Amino acid sequence: MSHLYKPKARASCIFAYQSKMKMLIRNKQIAIVGAGPAGLTLARLLQLKGTNVKVYERDFDKYARVQGSPLDMHEGSGLDALRQAGLLNEFYASVHIGADKKIIVDERAEIRFSDHESDTTAIYSRPEMDRGTLRKILLDSLRPETVVWDRHFLSMGKHGGGWMLHFRNGASAYADLVIATDGANSKIRPYVTDIKALYSGITMVELKIKDAANTVPVIHELLNGGKVMAFGDGKCILGGQKGTGDLGFYLSLKIAEAWATGNHLDYADNTHLLAWFKREYTGWADLWDEIIINATSPIIPRPIYYMPLNQTWKAQPNVTLLGDAAHVMPPFAGEGANMAMLDASELSECLTSDKFSDLQEAIAAYETEMRRRAAIATRQSLENGERMHSPDALENMLSILGG
Ligand SMILES: Cc1cc2nc3c(=O)[nH]c(=O)nc-3n(C[C@H](O)[C@H](O)[C@H](O)COP(=O)(O)OP(=O)(O)OC[C@H]3O[C@@H](n4cnc5c(N)ncnc54)[C@H](O)[C@@H]3O)c2cc1C
């Protein structure tokens, strides 16, 4: 079966924009800070519309390893943005076929649901890709020198009608319009709003297992190239296949926010971590010990945050927020990167539309819709999180999936 996607006719409209690009951003220098899914998608879409854009990224160079679980892309958001960016063929050529297949197990690792036998065309419903591969596809689509590496944003000051940005390595750069795509701990967000993220009550401990077929063969076989979701006693273990042959796992549990920084666990000592795991996941099958014993560095505790659902602020004429910088949310609906890429799509439309009389109006229109949409996705993510960490999580999940 060919996995090449045939773009819809709509994609060709993008090129028409170049000729009738609205003057709001003509001759303006645009600085996007952060080369994640939000920043790179926006850079690509704005370049397709002929605009002058630079992406400032703190990573030292394009070879920096991108951490984190694979991302699944959804119709109506991430996939639409890739379609608009003209990159669906590149995306489908690199997706993990079958990585979205899943099993649901109980704490004894008994399989209670599996969709591995279902129609393989389901790969198109929520195709998955490693973050690093997605970054490469987006980077390769940009004009040379668009991304300026080793630019860790520290601060900015008003300068003429725009901003002078200052970076950790001493460099500075001017921009008429600054777009913050620097993630959940955005340093630009405070220039727009002082509303802060709230702790969801859940922390996920990220583990990686290299060469899983050899190091954890039983678990590797259980996953069968897809995902596992294990529920019991209000806790979860969530795992998935990475493109490299590695497995990624999260131990996900309700625990105090301060635990991540104050738990005194020695993450370099897997036996120490195993002793903690046995205490926290009492009664879970010994099979799970394998993922703790074989986890490689770095093991990262990630407290999960979200922005208030009713957050609002007054739009500015020369700075705005996208992606996690605007609306970090729990990962339990798989919407964060998808919303980030949809933000990019909608902001690029607003900035190049002829509907608005000035940049502030265009930014206000984008931000109003972005906040509305993100609040819905955040609520869904929070509800899923509660469901997955409730005492009857297994039954809940099985009833949703019809198992
Ligand atoms: C466990 C987990 C699983 C997830 N699974 C999914 C999923 O399946 N699907 C999905 O849609 N979402 C998922 N998400 C959410 C997703 O990871 C984020 O929503 C997404 O990465 C946000 O993209 P972004 O571009 O806004 O920010 P990021 O991906 O965080 O990118 C920010 C970029 O900015 C750079 N940066 C940061 N600070 C600075 C600075 N000061 N100066 C310069 N550069 C800086 C960073 O190096 C990085 O390159 C998951 C999240 C977690 C935690």
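So, how was this worked out
Residues numbered from 1 in each chain as written. Predicted model: local features only at pLDDT ≥ 70, side-chain atom pairs only at ≥ 80, totals over all residues. Heavy atoms only, no water. Helix = DSSP H or I, 4+ residues; strand = E, 2+ residues; numbered from the N terminus. Rg over C-alpha atoms; globule rule 2.2 N^0.38 Å. Buried < 20%, exposed > 50% of the residue type's maximum accessible area, 1.4 Å probe, protein only. Contact = heavy atoms within 4.5 Å. Areas by Shrake-Rupley, 256 points an atom, 1.4 Å probe, with all protein chains shown as cover. Lys, Arg positive; Asp, Glu negative; His and termini not counted. Charge placed at Lys NZ, Arg CZ, Asp CG, Glu CD. 1 Å grid on protein atoms, 1.4 Å probe; cavity = no way out; pocket = protein on both sides within 12 Å on 5 of 7 lines; lining within 4 Å. Points joined across faces, edges and corners; volume = space filled by probe spheres on them. Nonpolar A, V, L, I, M, F, W, Y, C, P; charged D, E, K, R; others polar. Axes fitted to C-alpha atoms, helices over the stretch in contact; angles between N-to-C directions. Parallel < 35°, antiparallel > 145°, perpendicular 65-115°, else oblique. Left-handed = near helix turned anticlockwise from the far one by under 90°. Near = heavy atom within 4 Å. Polar contact = N/O pair within 3.5 Å; in protein donor to acceptor, adjacent residues only side chain to side chain. Pairing = 2+ DSSP bridges. Right-handed = clockwise from strand over helix to strand, strands pointing away. pLDDT = per-residue confidence, 0-100. Salt bridge = Lys/Arg side-chain N within 4 Å of Asp/Glu carboxyl O. Expected span 1.5 Å × (residues − 1).

Peer 1: Just checking my understanding: could you explain the overall build of the chain for this structure?
Peer 2: Across its full length, the chain carries 14 helices and 17 strands. At 22 Å, the chain has a C-alpha radius of gyration in line with the 22 Å of a compact globule built from 403 residues. A total of 403 residues make up the chain; the buried ones form 55% of that total. Considering only contacts in the chain between residues 6 or more positions apart, those separated by 24 or more positions represent 74%. Carbon and sulfur atoms form 52% of the exposed surface of the chain, whose accessible area is close to 17600 Å². Across the chain, the 45 positively charged side chains and the 48 negatively charged ones have centroids separated by 7 Å.

Peer 1: Sorry if this is basic, but what is going on with the layout of surface pockets here?
Peer 2: Where empty space is left becomes clear once a probe the size of a water molecule has been rolled over the atoms. In this structure, the second largest pocket occupies an estimated 480 Å³ of space. Contributing to the lining of the second largest pocket are 24 residues, with R65, V66, D130, R131 and G132 lying nearest its centre. A total of 6 residues in the lining of the second largest pocket trace back to one element, the largest contributor, which is helix 5 (residues 131-140). Here the lining of the second largest pocket is composed, by residue class, of 7 nonpolar, 6 polar and 11 charged.

Peer 1: Please clarify how the packing of helix 12 (residues 336-351) against helix 13 (residues 359-388) should be interpreted in this entry.
Peer 2: For the pair helix 12 and helix 13, the least separation of the axes is 9 Å and the interaxial angle reads 160°. By the angle class used here, helix 12 and helix 13 are roughly antiparallel. Taken as a pair, helix 12 and helix 13 cross one another with a handedness that is right-handed. Along its contact with helix 12, which presents M339, L342, D343, E346, L347, C350 and L351, the element helix 13 presents L359, A362, I363, A365, Y366, E369, M370, R373 and A377. For the contact of helix 12 with helix 13, the per-class residue count stands at 12 nonpolar, no polar and 4 charged.

Peer 1: Explain the site of the ligand here, please?
Peer 2: Taken together, 31 residues surround the ligand, and among them E57, D72, R131, D324 and A337 come closest. A distance of 2.8 Å separates an oxygen atom of the ligand from a polar atom in the backbone of A337. When the ligand is considered free in solution it has 1000 Å² of accessible area, and contact with the protein chains removes 87% of it. Elements that contribute at least two residues to the shell around the ligand include exactly helix 2 (37-48), strand 3 (71-72), helix 5 and helix 12. Top element by residues in the shell around the ligand is helix 12. It accounts for 3 residues.

Peer 1: Can you walk me through the environment of N214 in this structure?
Peer 2: Within the secondary structure layout, N214 lies in helix 6 (residues 212-215). In this structure, the C-alpha to C-alpha distance between N214 and I304, residues 90 residues apart in sequence, is 32 Å.

Peer 1: Honestly, empty space enclosed by the protein in this entry has me stumped. Any pointers?
Peer 2: For the coordinates displayed, the defined rule picks out 1 cavity of 30 Å³ or more. Lining the largest cavity are M307, P308, L309, Q311, H327, R371, A374, A375 and T378.

Peer 1: What exactly am I supposed to notice about the sheet that holds strand 9 (residues 162-167) here?
Peer 2: Hydrogen bonds between backbone atoms are what pair the strands of a sheet, whose relative direction is either parallel or antiparallel. Strands sit in the order 8-9-10 across an open sheet of 3 strands; the sheet is antiparallel. With one partner strand each, in any of the chains shown, strand 8 (153-159) and strand 10 (172-175) form the two edges of the open sheet. Averaged over all pairs of adjacent strands, the angle between strand axes in this sheet comes to 25°, irrespective of strand direction. The sheet contact formed by strand 9 and strand 10 spans 4 bridges and is antiparallel. If you follow W163 over to strand 10, its bridge partner there is A175.

Peer 1: What is the right way to read the pairing of strand 2 (residues 52-56) from this model?
Peer 2: Consecutive residues of a regular strand have side chains that alternate between opposite faces of the sheet. Pairing geometry for strand 1 (residues 29-33) and strand 2, over 5 bridges, is parallel. Of the residues in strand 2, the one forming a bridge with V33 is Y56. Taken together, strand 1, helix 2 and strand 2 form a β-α-β motif whose crossover is right-handed. Relative to strand 7 (residues 147-148), strand 2 is paired through 2 bridges, and the arrangement is parallel.

Peer 1: Help me understand the confidence of the model for the chain in this model?
Peer 2: Residues shown with low pLDDT carry predicted positions that ought not to be read at fine detail. With 92% of its residues at a pLDDT of 70 or more, the chain has an overall mean of 91. Within the model, pLDDT remains below 50 along residues 1-20, and this stretch shows 24 contacts once partners closer than five positions in the same chain are excluded.

Peer 1: How should I be thinking about the side chain of E335 in this particular structure?
Peer 2: Relative to the helices and strands, E335 is located in the loop between helix 11 (324-327) and helix 12. In this structure, E335 is buried with no salt-bridge partner, the nearest side chain bearing the opposite charge being R126 at 4.4 Å. In contact with E335, other than residues within four places in its own chain, are H74, S77, R126, M329, A377 and Q380.

Peer 1: It is not clear to me how helix 13 should be interpreted in this structure. Could you clarify?
Peer 2: Residues that lie three or four places apart on an α-helix share one face, since the helix turns once every 3.6 residues. The terminal C-alpha atoms of helix 13 lie 42 Å apart, and with 30 residues this matches the ideal 44 Å at 1.5 Å per residue to within 8%. A distance of 3.3 Å separates the backbone nitrogen of Q360 from a side-chain oxygen at the start of helix 13, and that oxygen is part of D358.

Peer 1: Just checking my understanding: could you explain the pattern of salt bridges for this structure?
Peer 2: Pairing of side chains with opposite charge becomes possible as their charged atoms draw close. Within this structure, the stated rule accounts for 19 salt bridges. Through salt bridges that share partners, E57, D59 and R135 make up one connected network.

Peer 1: Could you clarify how one ought to interpret the sheet that holds strand 16 (residues 296-306) in this entry?
Peer 2: Sheet architecture is open: 7 strands sit in the order 5-4-13-14-15-12-16, paired in mixed fashion. Two strands close off the open sheet at either side, each with one partner strand: strand 5 (111-114) and strand 16. On average, each strand axis in the sheet is tilted by 20° relative to the strand beside it, whichever way the strands run. For strand 4 (residues 102-106) and strand 13 (residues 227-232), the ladder comprises 5 bridges, and the chain directions are parallel. From the neighbouring strand, V105 faces strand 13, where its bridge partner is A230. Contacts from helix 9 (residues 270-280) reach strand 12 (198-209), strand 14 (235-241), strand 15 (247-254) and strand 16 within the one sheet, and its direction differs from that of strand 15 by about 50°.

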